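# Reading the structure
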Amino acid sequence: MAVTSRDSRTTRSHRERPVLTIVTYLVALLAITMLMQHTLTWGQHRIDDLRYGMPRRVHLTGQVLPTDRPDAPTHLMALNLNGQITILVLPGGDASRIQTLAGPYLVGTDSSTIVPHLALTDLTGDGRADLLVTVRGETIVYVQEGDGFRFLTPEERRTLGGAEG
């Protein structure tokens, strides 16, 4: 009769090895996912730096106000100045008649890198373009009145029936 011996460590490691392998792969996958997320966020900030500059700013030009002429359209500019959105309206491109509209304050670690977006549409149905400023998916409406813009009143908001976002 032959005597055989088995190493008990070899038998135990075969049972533990698949679990260790799975855990190692999961940790590696988590690390790769976190690295890719950080890289994509960094890349998006660099693209925004090139597209919108720093401080973040967007421009819109068009025949907006009743006093605009074809050769002198209104120029609108939204700025994110350290987390405070400010909109500058130059009626007819005339800097001496500039109007400054206060927008929202932004909160968060990325508040100074958020891009405000501008749009013009007639929400009130009066035939004049109203200014929509969208920041982080929220829209602020400025109604055109005379030679400039003002905030939408609660009464006007009720009559719109939620169309302003």
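So, here is what we can say about the structure in this document. (Residues numbered from 1 in each chain as written. Predicted model: local features only at pLDDT ≥ 70, side-chain atom pairs only at ≥ 80, totals over all residues. Heavy atoms only, no water.)

### A few points about the overall build of the protein chain
Helix and strand counts for the protein chain come out as two helices and eight strands. Relative to its 165 residues, the protein chain shows a buried fraction of 32%. Restricting to contacts in the protein chain with at least 6 residues of sequence separation, those with at least 24 account for 36%. Summed over its atoms, the accessible surface of the protein chain is roughly 11,200 Å², and 60% of this surface lies on carbon and sulfur atoms. (Helix = DSSP H or I, 4+ residues; strand = E, 2+ residues; numbered from the N terminus. Buried < 20%, exposed > 50% of the residue type's maximum accessible area, 1.4 Å probe, protein only. Contact = heavy atoms within 4.5 Å. Areas by Shrake-Rupley, 256 points an atom, 1.4 Å probe, with all protein chains shown as cover.)

### Details of the nonpolar core
Among the nonpolar cores identified, the biggest contains 20 residues, and Ile87, Leu131, Val133, Tyr142 and Phe149 are the most heavily contacted of them. Taken together, the elements giving at least two residues each to this core come down to β2 (74–81), β3 (84–90), β6 (130–135) and β7 (138–145). With residues up to four places along the chain from it excluded, the contact list for tyrosine 142 reads Ile87, Leu101, Ala102, Gly103, Asp130, Leu131, Val133, Phe149, Arg150 and Phe151. Listed in part, the six residues of the second largest apolar core include Leu123, Val141, Leu152 and Leu160. (Core = buried A, V, L, I, M, F, W, Y, C linked by side-chain atoms within 4.5 Å.)

### Regarding the sheet that holds strand β1 (residues 56–62)
Taken together, four strands build an open sheet; the order of strands is β1-β2-β3-β4 and the sheet is antiparallel. Only two strands of the sheet have a single neighbouring strand rather than two, namely β1 and β4 (99–105). Adjacent strand axes in the sheet meet at a mean angle of 15° when their direction is disregarded. The sheet contact formed by β1 and β2 spans seven bridges and is antiparallel. The residue of β2 that forms the bridge with threonine 61 is histidine 75. (Pairing = 2+ DSSP bridges. Axes fitted to C-alpha atoms, helices over the stretch in contact; angles between N-to-C directions.)

### A short note on the side chain of threonine 74
Mapped onto the elements, threonine 74 comes out in strand β2. A distance of 3.4 Å separates the side chain of threonine 74 from the backbone nitrogen of glycine 92, its partner in a polar contact. (Polar contact = N/O pair within 3.5 Å; in protein donor to acceptor, adjacent residues only side chain to side chain.)

### Focus on the sheet that holds strand β8 (residues 148–151)
Strand order across the open sheet formed by four strands is β5-β6-β7-β8, with antiparallel pairing between neighbours. Lying at the two open borders of the sheet, with one neighbouring strand each, are β5 (117–121) and β8. Direction aside, the axes of adjacent strands within the sheet are offset by 30° on average. Direction of pairing for β7 relative to β8: antiparallel, over a ladder of four bridges. What sits directly across from tyrosine 142, in β8, is phenylalanine 151.

All we've got here are geometric facts, nothing functional implied.
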